[in-house]
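Here is how the chains run, residue by residue.
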Amino acid sequence: MKITVQYSIKACLRKWWRYITAISLSMFILIFSYLLGNTSFPLPNEIELFQKINGWNAFLGVQKGNMPDSILFINVCYDKELVDYEENGIPVGKYVITDREKLLRLLTQAKKANNYRYIFLDVIFEEGIKSPIDSALFHTIASMDRIVIPMHKDVTLDDSILYPKAANADYTIAWEETNFARYQFLHKGIPSVPLRMYADRLHLNDNGIKAYWGGLIYKDQGRWCRNGVTLMMNIRMTGRLMDTEGQVRERNYIHLGADLLDLDSIIPVKDQIEDKIIVIGDFKNDIHDTYVGPQPGSVICMNAYLALLNGDHLINFWCVLALFLVYTTIGLWYLSGQSVTDFIKWRWLQTVASFINKRVWLQVFFSFISTSLFFAIVGIIAYHFNVAFNVWIPTIIYSTLDAVMQRYNDFFKKKNNEKIPVSPKPDTGS
C-alpha cells in the first residue's frame, strides 16, 4: 500500500511538473517576444515568410494592397532647383533640392483653403542648404495646422522654427538583409512621423504611445501595445494603374508642377486637396526594398500610420490567449516524451528515424524543420488575418526542447534496460 501511494505521488508530481514547465515556457515566449518586439532590432528572417506569401499571392494572381482615395500622393521628383552649396564656409558648387518656390505656392493655397485632413511633407530641410525663399516657406510651415515634416538622426534642420512640426522618419532593417522589416513608433522618446499623425488625428495632448518601466512596456491611452510592428504593407505604389485592356489609366500619384499647380486654373488646388491626406515626396528616388518590392519611404510611413489607426499595435488578448494555448499544448506534447518521429509507420522511415536518434545534431536539425513548418503554417494563417507572427522564438525553443526530451528518453530507456536481469539458460543436461 505504501509503495502504491509513493508511486502515485511521484506520478502526480511528474504530471504537474510537465504542466508547470509547459506553462512557464509559454509565458516566457510570449513575454520575450513582446519585449524584443518593442526594440529597434528586428528578429532574424522576420520578413522571409511574408516574402514567400507575397510571392505565392502574385503567382496565384491575388493582389493585396491598394491606394485609398483619401490619400493624395504628390510627386516632387521632377520639381527640382539648383542652389549654391558650401562646405566649411567655402563655396564648392551647386546642390539639387526640391523646388521650394513650388512648395511654398502649394502650402500657401492649402493654408488658405484649410480643407485638407493632413499634410505629410516628406522633404528634408537640412542645415546649410538654402534657397532665397526659405524664410517665407519655413514660416508658412510653422504656422500651419495638421502638418508634419521628417527629421533624421544626425541631421540638423535649417531653422529651429521647424522642430515643432518635425518627427522622426528613420526605420531599421533586418540583421542580414537590406529589406525594410520593422517600424518603431517611438524612438528614445521621439515620436515618428506616423505616430505624430496618429496623435494629431485623435487630438491627443501627447504622442499617444508612452513608455513605462524604462521602455520595457508600452501603452496607448492606457491600452497595452507594441512599440514596433512588422507592417502588412496594405498600401502599395506600383507607379501606375492599368485598365481591363492593359492601357495606362492613371498613376498612383500626381506631379506637383505638371499636374497640380499648372492645372490650377482648370481644377483649383483647393478642390484637389479637399478632405485629403496629402503626402508630398519623391516617389522615384526615395525608394526602399520591402517584402512586396521597392516602395517609396513616404508609402512606408503611411502604412505605419494606417497600422496605428487600425490598432495593429494594440495587444489583442484573445490572440495572446490562443497562442498561450498553442504553446502550452506543444510543450506538453514534447515533455510527455512524444516526437514527430512517433508518427512514422513506414519501415524505411523507421530505419531513418533510428539513425537520426543516435545523432544529436540530426535530432536538433529535424526537430527544427518539423517545428518551424508547424509555426510557418500558423504564420500563414495569421497573415491572412492581418497579424504579423514571427516564428523564430517559438521554433528555436520547442525544437531544442524536442531534441532534449528525445535524448532524455533514450538515456533512461537504456538505463532501465541495463537494470533488467538476464534469465539464466535452463540446464538441459548432458
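Right above here is the structure, for reference.
All of these numbers come straight from a predicted model, not from anything done at the bench. (Residues numbered from 1 in each chain as written. Predicted model: local features only at pLDDT ≥ 70, side-chain atom pairs only at ≥ 80, totals over all residues. Heavy atoms only, no water.)

Thoughts on the overall build of the protein chain
Where we set the bar: Helical segments are the DSSP runs of H or I of at least four residues, strand segments are the runs of E of at least two, and each set is numbered from the N terminus. Between buried and exposed lies partly exposed: a residue is buried under 20% and exposed over 50% of the maximum accessible area for its type, with that area taken using a 1.4 Å probe on protein chains only. We call two residues in contact whenever any of their non-hydrogen atoms come within 4.5 Å of each other.
Per the secondary structure count, the protein chain includes 12 helices and 20 strands. Here the protein chain, with 430 residues, has 40% of them falling under the buried criterion. Residue pairs in contact within the protein chain that sit at least 24 positions apart in sequence constitute 69% of those at least 6 positions apart.

As for the sheet that holds strand β1 (residues 71–75)
Keep this limit in mind: DSSP-based pairing: two strands are paired if at least 2 bridges between them are found. Each axis is a line fitted through C-alpha atoms, and for a helix only the stretch in contact is used; angles between axes span 0 to 180 degrees, taken between their N-to-C directions.
A sheet is described by the order of its strands in space; here six strands give the open sequence β6-β5-β4-β18-β1-β17, paired in parallel fashion. Each edge of the open sheet is held by one strand with a lone partner, namely β6 (166–168) and β17 (254–255). Bridge analysis of strand β4 (residues 118–121) against strand β5 (residues 147–151) gives two bridges, and the strand direction is parallel. Bridging across to β5, I119 finds its partner in I147. Contacts between helix α8 (residues 297–309) and the sheet are confined to β1, β4 and β18 (277–281), with β18 contributing the most and set at about 150 degrees to the helix.

Re helix α3 (residues 100–113)
Every α-helix carries 3.6 residues per turn, so stepping three or four residues along brings you back to the same face. Rules: Multiplying 1.5 Å by the helix residue count minus one yields the expected span of that helix. Within this analysis, the arc is defined by the directions that extend from the helix axis to the C-beta atoms. The term polar contact refers here to a pair of N or O atoms within 3.5 Å; inside protein, the definition further demands a hydrogen-donor-capable atom paired with an acceptor-capable atom, and it admits residues adjacent in sequence only when both atoms are side-chain atoms.
Helix length check: α3 (14 residues) gives 20 Å between terminal C-alpha atoms against 20 Å at 1.5 Å per residue, within 8%. By the burial criterion, the buried members of α3 are R100, L103, L104, L106, L107 and A110. One face of α3 carries all of its buried residues, which in axial projection span an arc of 170 degrees. You can read the cap of α3 off the contacts: a side-chain oxygen lies 3.1 Å from the backbone nitrogen of E101, and it is on D99. Phi turns positive, to about 50 degrees, at N114, one or two residues after α3.

Points about the packing of aromatic side chains
Short version of the rule: When two rings of Phe, Tyr or Trp (its six-membered ring) have centres within 6.5 Å they constitute a pair, described as stacked for plane angles under 30 degrees, edge-to-face for angles over 60, and tilted for the intermediate range. Counted as over-ring charges are cases with an Arg CZ or a Lys NZ within 6 Å of the ring centre that also lie within 35 degrees of the ring normal.
Scanning the entire structure with this criterion turns up nine aromatic pairs. An angle of 5 degrees between the planes, with centres 5.6 Å apart, marks the rings of F28 and F32 as stacked. Of this pair, F28 and F32 are both found in helix α1 (residues 2–37), four residues apart, which corresponds to roughly one turn of the helix. With a centroid separation of 6.1 Å and 35 degrees between ring planes, the pair formed by Y327 and Y398 is classed as tilted. Placement of Y327 in helix α9 (residues 317–335) and of Y398 in helix α12 (residues 392–419) is noted, with a sequence separation of 71 residues between them. Among the residues examined, Y327 registers a relative accessible area of 3% and is labelled buried. Site record: aromatic cluster; members linked through ring pairs are F73, Y253 and F283. In this structure, K219 packs its charged tip against the face of Y212, placed 5.7 Å from the ring centre.

What to know about the nonpolar core
Nonpolar side chains tend toward joint burial in soluble globular proteins. Which entries qualify depends on this criterion: Definition used in this section: a nonpolar core is a set of buried Ala, Val, Leu, Ile, Met, Phe, Trp, Tyr and Cys residues joined via side-chain atoms within 4.5 Å.
Among the nonpolar cores identified, the biggest contains 41 residues, and F73, M197 and M302 are the most heavily contacted of them. Looking at this core, the elements that each hand over two or more residues are β1, β4, α5 (193–201), β12 (217–220), β18 and α8. In terms of residues, this core owes the most to one element, α8, which gives eight residues. The residues contacting F73, other than those within four sequence positions of it, are M67, I235, M237, N252, Y253, I254, V279, F283, V299 and M302. If you look at the next biggest cluster of nonpolar residues, it comprises 31 residues, including L137, F138, M151 and L260.

Details of the sheet that holds strand β11 (residues 209–212)
The sheet built from three strands is open, its strands ordered β11-β12-β13 with antiparallel pairing. The sheet terminates laterally at β11 and β13 (223–225), the two strands that pair on one side only. On average, each strand axis in the sheet is tilted by 40 degrees relative to the strand beside it, whichever way the strands run. As paired elements, β12 and β13 share three bridges and run antiparallel to each other. When the sheet's bridge partners are listed, Y218 is paired in β13 with C225.

What about the pattern of salt bridges?
A side chain of one charge can pair with a side chain of the opposite charge when the charged atoms of the two come close. Rules: Should a side-chain nitrogen of Lys or Arg be within 4 Å of a carboxyl oxygen of Asp or Glu, the pair is scored as a salt bridge.
Taken as a whole and assessed by the stated rule, the structure comprises nine salt bridges. For D79, the salt bridge identified is with K102, shortest N-O distance 2.8 Å. Of this pair, D79 sits in the loop between β1 and β2 (80–87) while K102 sits in helix α3; the two residues are 23 residues apart in sequence, bridging distant segments of the chain. The buried category is assigned to D79, whose relative accessible area is 4%. Residues R100 and D134 are paired through a salt bridge, measuring 2.9 Å at the closest nitrogen-oxygen approach. On the criterion of sequence distance, the pair formed by R100 in helix α3 and D134 in helix α4 (residues 134–143) is long-range, its members being 34 residues apart. Judged by relative accessible area, D134 falls into the buried class, the value being 7%.

Overview of the packing of α3 against α4
This is how it is decided: By the definition used in this description, the sense in which the near helix is turned from the far one sets the handedness, with an anticlockwise turn below a right angle giving left-handed and a clockwise turn giving right-handed. Under the convention adopted here, Pro, Cys and the residues Ala, Val, Leu, Ile, Met, Phe, Trp and Tyr are nonpolar, Asp, Glu, Lys and Arg are charged, and Gly plus all remaining residues are polar.
Direction vectors running N to C along α3 and α4 enclose 35 degrees, while the axes themselves pass 10 Å from each other. Here α3 runs over α4; the crossing is left-handed. Facing R100, L103, L104, L107, T108 and K111 of α3, the residues of α4 in contact are D134, A136, L137, F138, T140, I141 and S143. Here the contact of α3 with α4 is composed, by residue class, of seven nonpolar, three polar and three charged.

With respect to unusual backbone geometry
A positive phi is found at N114, a non-glycine position, where the angle reads about 50 degrees. Within the fold, N114 resides in the loop between α3 and β4. Under the relative-accessibility criterion, N114 is labelled partly exposed at 42%. Although it is not a glycine, H203 adopts a positive phi angle of roughly 55 degrees. Looking at where H203 falls in the secondary structure, it is placed in the loop between α5 and β11. When its relative accessible area of 70% is taken as the criterion, H203 is described as exposed.

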